[in-house]
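# Fold and geometry: a report
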Amino acid sequence: MTFLSLSHLQKSFGPVQVVNDFNMDIEKGEFVSFLGPSGCGKTTVLRMIAGFETPSGGTITVAGKNQAGLKPNQRNIGMVFQAYALFPNMNVFDNVAFGLKVAGRPQQEIASRVKEMLGLIKLEHLADRFPYQLSGGQQQRVALARALAPKPQVLLLDEPLSALDAKIRVSLREEIRMIQQQLGITTVFVTHDQEEALSISDRIVVMNAGCADQIGTPAEIYNRPATRFVASFVGTLNLIEAKVIDPAANRVSIGDQGVTLREPVGPVKPGDTISLALRPEAGSIAEGAKGDTALTGEVISSNFLGSVVRTRMRVGPSVISFDMFNNPGLVPPAAGDTVTLRFTATDLLVIRD
Amino acid sequence: MKTTRLLAWLAIAIGAIYFIVPLIGTFEFSLRMRRGEYSFDAYRSVFTDMQFRATFGFSMLMALFTIVFGMLLVVPTAYWVRLRLPQLRPVVEFITLLPLVIPAIVIVFGYLRLYNSSSFLPLTNSTTGTNMLLVFSYMTLSLPYMYRAVDTAMRMIDVATLTEAAESLGAKWPTILFRCIFPNVMSGVLSGAFITFAIVMGEFTMASLLNRPAFGPYLQLVGANKAYEPSALAIIAFAITWLSMGLLQLVSRFHKTAPVKA
């Protein structure tokens, strides 16, 4: 059942249209990530849900109630900010208790709820500390507890991990997901980090120029990108130019090598150029590698990336990258070598703009 | 290198002599009231003077009102300009700087013209009204310092995000202003308060032309009629200013030990 509904949402700042006909229904307890580059409108949508921006058009409904005309302090929507935004004059306890005090809850209830929240983020022992005495990760956990304490209907997370270092980012995102599942709270998470979005979301909305380019599960977004933008933004992807040979048989050529696709090439004529996508991890050059399709090319370079070695090879006009898992015995191909990359034809996706 | 350092020390020495020698001279002179020996008689004379106590107390009270009402005017204004009307900031900054370029005598004549006994708002008709006018004029005088002190303190915290965080937790404007913003700009508020205090305690023009028994006109009166007491009063006035500056430094240092991260 839809809990948070965004219908035909529009927002312009002067002549600039920032959000354009954005539609999305979010289920109760769902964790949805808005993923996109800077300026794509993801934070603006979040701020409209919170009530900090007024939509130029469209409606926002939470639990069936239209939010139009409601101020941010009337919406019961919790929000965690990138910059933590803890009140510097209050200690951890008072920060978490703030929303409950504002709501006029009895002292005893406030104390027990704050204790419960601090237990949830495992910071009970830091209740007396002030924000400046905490690390970035601790501050963000306090901010999360503060947002959750008044039991909001929806939790909004505006790039909450961006200001943290890599290791803490990974552990905190797992913690956020765990707490969200434990409480079953409907959550909207804004990020420009695809790994973050892919790892913790039930569904991802990939946004581009104020529109939702694709909405789907992380696996759908990664494996079946709907547009060229999604394909290029999520994960590393080879975009390969191919010439149509026989549209009826889905036969194309990459350079001078013929390939038969599994999916329809679309309404095109022989000789037309189309774009295909192939993930670097989809193919292998190993002896006896499985796959019904092969492309042979000349190696341009091999780069050691830690867990994988990424090799770039030229096939006709396109450069294709592929990954090999690192192992002590691996000898990566050298520049100038000729290699054959094998993969399954289903891995080759037709990209539509 | 050596010559540069020597010149630097020379400049410091000249500056120190320029500022310190008159002070030492004044202090030394203030101790000479008793013939043939140094004493604090001049200070005793000043502190036992009923008029000193009355004018000092009056100016203290006026300073207190100026600080309270000044803060009530400046903090919400600076907050609102920073949050909602950033495009108006240059205009507001210009207005707050005006008291530095318009002489106090022009301001007070403007007030007298606007609020005299035959005007639409005859504040000078009563003592309370005139005192109110004096407080307002002191507020105007201290505006450049007060506004800047508060605005600088606000720049150190992320006012917009803190406001949004409080709003998302259900807080209304008075709660946001007095519980989330005001305590975090307290160092700026206190800095502004100390500067205001120092200005009000020594102010002469406004108090004299509004004919109020303030400390500034008393200093002038004593200076014109007595020999040693004016020197003692000058040293006392300096001490008040230094105390204010010292407290200001203390507040700033306290703020530095508790950095604000928002």
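Every chain begins its residue count from 1, and numbering advances along the sequence as written. Working convention: letters from A go to chains and numbers from 1 go to ligands, in the order in which they are written. Local features are withheld for residues below a pLDDT of 70 in this predicted model, meaning they are given only at 70 or higher, and side-chain atom pairs are given and counted only at 80 or more; totals for whole chains, interfaces and linings count all residues. To obtain the side-chain values, all non-hydrogen atoms of the structure were used and water was disregarded.

### Focus: the nonpolar core
Residue and element names in this part refer to chain A. Applicable threshold: The nonpolar core is taken to be a set of buried Ala, Val, Leu, Ile, Met, Phe, Trp, Tyr and Cys residues, with the residues joined through side-chain atoms within 4.5 Å. Only protein chains enter the accessibility calculation, which uses a 1.4 Å probe; a residue whose area is less than 20% of its type maximum is buried, one above 50% is exposed, and one in between is partly exposed. Only heavy atoms enter the contact rule, under which two residues are in contact if any of them lie within 4.5 Å.
Residues Leu6, Phe22, Phe34 and Val45 are the most contacted members of the largest nonpolar core, which totals 99 residues. Those residues in contact with leucine 6 that sit more than four places away from it in its chain are Phe22, Asn23, Met24, Asp25, Phe34, Val45, Ile49, Thr59 and Ile60. Counting residues in hydrophobic clusters, the runner-up holds 35 residues, among them Tyr84, Leu86, Ala143 and Leu155.

### Focus: the pairing of strand S4 (residues 57-62) of chain A
Residue and element names in this part refer to chain A. To keep it simple, the criterion reads: Between any two strands, at least two bridges found by DSSP are needed for them to pair. Strands are runs of DSSP state E lasting at least two residues, helices are runs of H or I lasting at least four, and both sets are numbered from the N terminus onward.
Bridge count between strand S1 (residues 2-13) and S4: five bridges; the pairing is antiparallel. Across the sheet, the residue bridging to serine 7 is threonine 59, located in S4. Between the end of S4 and the start of strand S5 (residues 65-66), which pair antiparallel, lie two residues, with alanine 63 showing a positive phi angle near 50°.

### Concerning the sheet that holds strand S13 (residues 257-260) of chain A
The pairing of strands in a sheet comes from backbone hydrogen bonds and takes either a parallel or an antiparallel form. All names here are of chain A. The line we're drawing: Only C-alpha atoms enter the line fits that serve as axes; for helices the fit covers just the stretch in contact. Angles between N-to-C directions range over 0 to 180 degrees.
Taken together, five strands build an open sheet; the order of strands is S13-S12-S11-S14-S19 and the sheet is antiparallel. Either end of the sheet is taken by a strand with one partner, and the two such strands are S13 and strand S19 (349-351). Geometrically, the sheet is characterised by an average inter-axis angle of 45° between neighbouring strands, direction not taken into account.

### A short note on the UniProt feature "transmembrane region" (unreviewed entry) in chain B
Residues and elements named next belong to chain B. Basically, it comes down to this: UniProt positions are given in the numbering used here, feature names are shortened, and annotations may be inferred rather than shown by experiment.
Per the UniProt annotation, the sites labelled "transmembrane region" (unreviewed entry) are residues 7-27, 56-79, 91-112, 132-150, 189-210 and 230-251. With 86% helix and 0% strand, residues 189-210 has its two end C-alpha atoms placed 28 Å apart. Secondary structure within residues 230-251 divides into 100% helix and 0% strand; the distance between the first and last C-alpha atoms comes to 31 Å.

### A short note on the domain arrangement of chain A
Residue and element names in this part refer to chain A. Using the following cut-off: Domain delimitation follows an automatic or database domain assignment. Summed over both partners, the accessible surface that disappears when two parts come together, traced with a 1.4 Å probe, is what is meant by buried area. Criterion for a salt bridge: a side-chain nitrogen of Lys or Arg within 4 Å of a carboxyl oxygen of Asp or Glu. Here a polar contact is recorded for every N or O atom pair within 3.5 Å, except that within protein the pair must consist of a potential hydrogen donor and a potential acceptor, and residues adjacent in sequence are included only if both atoms are side-chain atoms.
Segmentation of chain A into domains returns domain 1 (2-233) and domain 2 (238-351). Centre-to-centre separation of domain 1 and domain 2, based on C-alpha positions: 39 Å. Domain 1 puts eight residues into the contact, and the matching count from domain 2 is nine residues. Summed over both partners, the interface of domain 1 with domain 2 comes to about 740 Å²; 48% of that surface belongs to carbon and sulfur atoms. Its largest share of buried area at the contact with domain 2, domain 1 owes to Tyr222, Arg224 and Arg228, together 65% of the area lost on that side. Inspection of the region where domain 1 meets domain 2 yields one salt bridge. The salt bridge partner of glutamate 263 is arginine 224, with a shortest N-O separation of 3.8 Å. Linking domain 1 with domain 2 are three residue pairs in polar contact (both at pLDDT 80 or more), by the criterion used here. Broken down by secondary-structure element, the contributors of at least two residues to the side of domain 1 that touches domain 2 are helix H7 (218-223) and helix H8 (228-233). Among the elements that take part in the side of domain 1 that touches domain 2, H7 stands out by supplying three residues, more than any other.

### Some remarks on the UniProt feature "domain: ABC transporter" (unreviewed entry) in chain A
Per the UniProt entry, the sites bearing "domain: ABC transporter" (unreviewed entry) are residues 4-234 of chain A in this numbering. Summarising residues 4-234 of chain A: 36% helix, 27% strand, and an end-to-end C-alpha distance of 25 Å.

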